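# Understanding the architecture of this molecule
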Amino acid sequence: MASTSAWMPSLAFTQGFMAGQAVLLCLFLCLFRYCFMTSAPSSRARRQAEMAQRIHTLHTSLEARSAPPTYARVPYEQGVQACIDDLIAQVEYDAAEPESLGWLNVLLAQLLMTYRSYILRTGARIPSDELPSSATTEKAAARLVFERILNEALQNRTMNILDPLTVTDIDIGCRYPRCSHARVRSGGTIEVDIEYVDALTLGIDTRLWLHVPHYRFGALDAAMCLRVERFAGTLAIDITETDVRVYLHPGFVLDAHLSSVFGSKSKLHDVPKIEDIVLARLHLWIKHRFVWPHAWHIPLPGVAT
């Protein structure tokens, strides 16, 4: 009985302490509800008025703790051109002094040099033949890469009339493109003059099969070598809401030459019509992919397209 009577005061103290905490919590909740919470659904007008009051309080507090801006904001409602004019003014762009773009030339040169180095690392197995495309380690490595790319692109598309391609000569160049005379046009379009002078060379050799009147009735040996010596044009860049559009203006310059040899016993050298057809197709390929209104679209990261 003595132990029970000693335990009862401790229990009474604990119960009293818990009851006191519960009373304080109830008082706090009642006070919080009365001061900060609404007791009944309010009307839309009242909610908007209360929200406007809160916003006013926030703005007043921020303006009191921060310095007022020294610049004028151009509302987007004034249109794209007004925003672009404001952008040009803020970055202090001077249209009378076009950029030299030396930094961009260095960046493009490093990028192209990286691709050339990648080709050298990829072509580890060097062919042992005596073709011009195997004359140096660089040519041999590039030959392996381009042979694989070309033959994979033509796989199941030639209807068995074309043998696998052999790259007989190749030169991936040693010079770099040069960009100059950058300017900003109306609407925010950025234009850059670009010129690339080099001796890009690709020679291929294959065999065309004739399957009439029977399968592999005859074959025509064919060899062609294309050399691109100069490309020049005006590159334009537009930034839209979803992507970056890069395209060429019409009137670009592509200086290229094609040599060809057809036949085995009797040979046809440099048929002019063949050169005209191939170069016309090359111009058309560039025009249909990169010349306005066609463009290279680069999606902006994080923006739904």
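Up top is the structure.
Residues numbered from 1 in each chain as written. Predicted model: local features only at pLDDT ≥ 70, side-chain atom pairs only at ≥ 80, totals over all residues. Heavy atoms only, no water.

## Brief notes about a nonpolar patch on the surface
Side chains of Phe 13, Phe 17 and Met 18 sit close together on the surface and give an oily, nonpolar patch of about 370 Å² of accessible area. According to the relative accessible area criterion, Phe 17 is partly exposed, its value standing at 46%. (Patch = residues over 30% accessible without salt bridge, like charges linked within 9 Å, V, L, I, M, F, W, Y side chains within 5 Å. Areas by Shrake-Rupley, 256 points an atom, 1.4 Å probe, with all protein chains shown as cover. Salt bridge = Lys/Arg side-chain N within 4 Å of Asp/Glu carboxyl O. Buried < 20%, exposed > 50% of the residue type's maximum accessible area, 1.4 Å probe, protein only.)

## Details of the pairing of strand β3 (residues 190–210)
The side chains of a regular strand alternate between the sheet's two faces. Sheet topology places strand β1 (residues 166–171) next to β3; five bridges connect them, and they run antiparallel. Each residue of the ladder has a partner; that of Asp 171, found in β3, is Thr 201. Between the antiparallel neighbours strand β2 (residues 178–184) and β3 lie five residues, among them Gly 187 with a positive phi of about 90°. Two strands pair when backbone bridges link them, and β3 and strand β4 (residues 218–239) are joined in this way by 19 bridges, in the antiparallel orientation. Paired with Thr 201 across the bridge in β4 is Arg 227. (Pairing = 2+ DSSP bridges. Helix = DSSP H or I, 4+ residues; strand = E, 2+ residues; numbered from the N terminus.)

## Let's talk about the nonpolar core
Ranked by size, the top nonpolar core spans nine residues in total: Val 228, Phe 231, Leu 248, Phe 252, Leu 254, Ala 256, Leu 279, Ile 286 and Val 291. Among the secondary structure elements, those contributing two or more residues to this core are β4, β6 (253–262) and α6 (272–290). The contacts of Leu 254, once residues within four sequence positions are left out, are Val 228, Arg 230, Phe 231, Leu 282, His 283 and Ile 286. (Core = buried A, V, L, I, M, F, W, Y, C linked by side-chain atoms within 4.5 Å. Contact = heavy atoms within 4.5 Å.)

## Looking at the packing of aromatic side chains
Overall, the coordinates contain three aromatic pairs when judged by the stated rule. For the pair Tyr 247 and Trp 292, a centre-to-centre distance of 4.9 Å together with 45° between the ring planes defines the contact as tilted. You can see Tyr 247 sitting in strand β5 (residues 243–248) and its partner Trp 292 sitting in the loop between α6 and β8 (296–299), a full 45 residues away along the chain. On the basis of relative accessible area, Trp 292 is assigned to the partly exposed category, the value being 42%. With a centroid separation of 5.9 Å and 70° between ring planes, the pair formed by Trp 285 and Phe 290 is classed as edge-to-face. (Phe/Tyr/Trp six-rings, centres within 6.5 Å; stacked < 30°, edge-to-face > 60°.)

## Considerations on the pairing of β6
Side chains Leu 254, Ala 256, Leu 258, Ser 260 and Phe 262 project from β6 onto a buried face, and the interleaved Val 253, Asp 255, His 257, Ser 259 and Val 261 project onto a face without burial. Alignment of β6 against strand β7 (residues 268–269), held across two bridges, turns out to be antiparallel. Residue Val 261 lies in a different strand from β7, and its bridge partner there is His 269.

## Points about the side chain of Glu 147
For Glu 147, the location among the structural elements is in helix α5 (residues 137–154). Those residues in contact with Glu 147 that lie beyond four places of it in its chain are Leu 165, Thr 166 and Val 167.

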